[in-house]
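Below, each chain spelled out in residue letters.
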Amino acid sequence: NINEPYNIQKYPIGGGFKKWHFENASTNNKQRCLVFMTYLNNVENGGTEFKYQDIKVPAKTGLTLIWPPDFTHTHRGVIAKETKYIITGWFDFQ
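The rules behind the values
- Residues numbered from 1 in each chain as written.
- Predicted model: local features only at pLDDT ≥ 70, side-chain atom pairs only at ≥ 80, totals over all residues.
- Heavy atoms only, no water.
- Phe/Tyr/Trp six-rings, centres within 6.5 Å; stacked < 30°, edge-to-face > 60°.
- Helix = DSSP H or I, 4+ residues; strand = E, 2+ residues; numbered from the N terminus.
- Buried < 20%, exposed > 50% of the residue type's maximum accessible area, 1.4 Å probe, protein only.
- Lys NZ or Arg CZ within 6 Å of the ring centre and 35° of its normal.
- Core = buried A, V, L, I, M, F, W, Y, C linked by side-chain atoms within 4.5 Å.
- Contact = heavy atoms within 4.5 Å.

### Brief notes about the packing of aromatic side chains
Note on aromatic pairs: each is described by the distance of the centres and the angle between the planes. Enumeration over the complete set of coordinates arrives at two aromatic pairs. Considering the side-chain rings of Phe-50 and Trp-67, the 5.1 Å spacing of their centres and the 80° angle between planes classify their relative orientation as edge-to-face. Remark: Trp-67 occurs in strand S5 (residues 64-67) and Phe-50 occurs in strand S3 (residues 43-50); sequence separation between them is 17 residues. Looking at Trp-67, the relative accessible area reads 5%, which means it is buried. Over the ring of Trp-90 we find Arg-32, and its NZ or CZ is 3.7 Å from the ring centre.

### Some details on the nonpolar core
Among the nonpolar cores identified, the biggest contains 13 residues, and Met-37, Tyr-39, Phe-50, Val-57, Leu-65, Trp-67 and Ile-86 are the most heavily contacted of them. Put simply, the parts of the chain that give this core at least two residues each are strand S2 (32-39), S3, strand S4 (55-59), S5 and strand S7 (84-92). At three residues, S2 tops the list of elements feeding residues into this core. The contacts of Tyr-39, once residues within four sequence positions are left out, are Gly-47, Thr-48, Val-57, Pro-58, Ala-59, Lys-60, Thr-61, Gly-62, Leu-63, Leu-65, Tyr-85 and Ile-86.

Below, the structure written as structure tokens:
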């Protein structure tokens, strides 16, 4: 199920979720079983970095990522020199 509202986010130049994090770090989020995120615009040198997979995924319009919410997929936003738009949310286990 998608029980929580999805988020449409705008990150201004130099903005973004810069800290390493994972989605079910809090006991309030333990029901999350998958994360989804779609880039809404192309951003040169912007995207998402996954720590343990040692990859940076580029922000390309329409590209959707789906990953587990656990520490194994700790990630952060790649800070860009232009505005970035995404839509993101979580599939929950009920």
